[in-house]
Amino acid sequence: METGYTSFVEKDTLTKVLSIDELEVRIDDCKSLGIPLYDLDLEGLDIRDIDMSNLHIRNVLFNSFNPTKTAPKEIFNINFKGCTFEKVCFSYCKLVRCNFDSDKITKREAIKHKDMSNADNDAVLASERPTYLNEVDFFFCQFDTCRFRNTKFNIIDFRYSRFTDCSLGGCDVNVGDFYMSAFCGTTNFYNSKFHSCSLTNATFEQHCPSIFNIDKLAQEDYQVYHDIIIGAKNWSKHNPCAGYSHVNEAEDNNNELESQIHNHHEAYRVYATLSGIYNGKGFFRESNQAYRLAKRNEAEYNMLAAKKCRKAHNYKQMFRHLWKRFTIGISWCFGYGYKIPYVLFWICVLVMVFGVFYKYKEQLEQEHEWSVAFARSLNNTLGPFDKFTSSVGEWCGSMQSTVGILLVGFMGFIIANRIRNNA
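These figures come from a predicted structure and were not determined experimentally.

1. Re the sheet that holds strand S3 (residues 48-51)
- With respect to topology, 7 strands assemble into an open sheet ordered S3-S5-S7-S11-S13-S15-S17, the strand pairing being parallel. The open sheet has two edge strands, S3 and strand S17 (203-204), and neither has a second partner.
- Pairing analysis gives 3 bridges linking S3 to strand S5 (residues 73-79), with the strands arranged parallel. Counted as the bridge partner of Ile-50 is Ile-78 from S5.

2. Here we look at the side chain of Glu-220
- Inspection of the secondary structure puts Glu-220 in the loop between strand S18 (214-217) and helix H4 (222-230).
- Within the structure, Glu-220 has its side chain in polar contact with the side chain of Arg-296 (distance 3.1 Å).
- Of note is the side chain of Glu-220, whose polar atom sits 3.1 Å from the side chain of Asn-297.
- Each residue touching Glu-220, except ones within four places of it in the same chain, is listed here: Ala-267, Tyr-271, Arg-296 and Asn-297.

3. Overview of the packing of aromatic side chains
- Scanning all chains against the criterion turns up 45 aromatic pairs.
- Between Phe-80 and Phe-100, the ring centres sit 4.8 Å apart and the planes meet at 25 degrees, which makes this aromatic pair stacked. A residue pair is termed long-range when its members are at least 10 positions apart, and Phe-80 in the loop between S5 and strand S6 (84-90) and Phe-100 in the loop between strand S7 (93-96) and strand S8 (103-104) qualify at 20 residues.
- By relative accessible area, Phe-80 is classed as buried at 0%.
- Taken together, a centroid distance of 5.6 Å and an interplanar angle of 75 degrees make the contact between Phe-143 and Phe-148 edge-to-face.
- When the ring centre of Tyr-38 is taken as reference, the NZ or CZ atom of Arg-58 above it lies at 5.2 Å.
- Directly above the ring of Trp-235 sits Lys-237, whose terminal nitrogen or CZ lies 4.0 Å from the centroid.

4. Some details on the pairing of strand S4 (residues 56-63)
- The buried fraction of S4 amounts to 6 of the 8 residues, a majority that puts the element mostly inside the structure.
- In terms of strand pairing, strand S2 (residues 37-41) meets S4 through 4 bridges, oriented parallel. Bridge pairing in S4 links Leu-40 to Val-60.
- Here 6 bridges tie S4 to S6, and the two strands are oriented parallel to one another. Each bridged residue has a counterpart across the sheet, and for His-56 the counterpart in S6 is Thr-84.

Conventions used here
Residues numbered from 1 in each chain as written. Predicted model: local features only at pLDDT ≥ 70, side-chain atom pairs only at ≥ 80, totals over all residues. Heavy atoms only, no water. Pairing = 2+ DSSP bridges. Helix = DSSP H or I, 4+ residues; strand = E, 2+ residues; numbered from the N terminus. Polar contact = N/O pair within 3.5 Å; in protein donor to acceptor, adjacent residues only side chain to side chain. Contact = heavy atoms within 4.5 Å. Phe/Tyr/Trp six-rings, centres within 6.5 Å; stacked < 30°, edge-to-face > 60°. Buried < 20%, exposed > 50% of the residue type's maximum accessible area, 1.4 Å probe, protein only. Lys NZ or Arg CZ within 6 Å of the ring centre and 35° of its normal.

Bear in mind that shape data such as this cannot, by itself, settle questions of function.
If you want it as structure tokens, here you go:
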């Protein structure tokens, strides 16, 4: 069986480090000379209690995934604050109390430096070195009480990873794969940002990222999904059993239409799940937003599925998908059941259309009679009004009153829900 699965690193150029003492000497040299720590194989080392802050770490292998190993490699109490990572692999590691925070001194911390002058204090406060991770493999890792505060990520593999009591506050993730990740304990996402990330089958035990901080899912950006999440040549997509499997079989077969159908259905399920989580936690505004995004992706799914059915001459299924798309469109027109302005808009349209009809039916010629026409139309919208009905006809007047009462009742339902949910 093949062993040593990795992503992103170029293994052919690596030099094996044989001892911790040698590693510490290399770290000291890199810090003093201001050069990167690069092209190193650290897989055989027991790494703990080391300060690697503010290093530029490039093409370094901390560990690879070996399916014959029964336990992950432990990396304990390492300070990575202010580091820049490029093409680094931590695959199948257990990281305990490791710090990936951006390196920033707080004002209260600076005050404790009694020996500093005011000028030195100002310089310390002004200096901030963000931690930046680009093309880093955290596949099948365990994070125990680790910190990623204000950390920036670009192209990150967190598949099958588990976070326990970690801080991801303020982190900014661009193209991250969190497939089957588990966020447990007090792990939090305060002010975090997620751009083109995959959250399929991720679980959130307590906290979860705000829907307003999720720019979009990777499944909603086909080029990112096709070119990077699936197509990046240096990104190995093996699973914990050391095999290769694809949830999206169509992407594996280069069937773009079928792949996009799958992606939008997957995004719909993710947003629907998040909507349920937010609702259960009392975040009703976020639940509504997640529901809206779920319906948007469901609509895209049905349109693409109808296109596929048309190509296959399966018109029965095509009309079925188009009907579902139409009903979602109706839901959008009425604000998905939580947006008051949408309902007000249709009430205004109803009043204006029937007001114009009434004016010309009555042949009211004076300009100010428009106000009379609209006033009587509004009156009939809220309930049958004899003067209006006798002019436009009972059938037409009754239809307006029926639709108007339904719209007003629907708006009352929305208002009551918003008051009850404080949304």
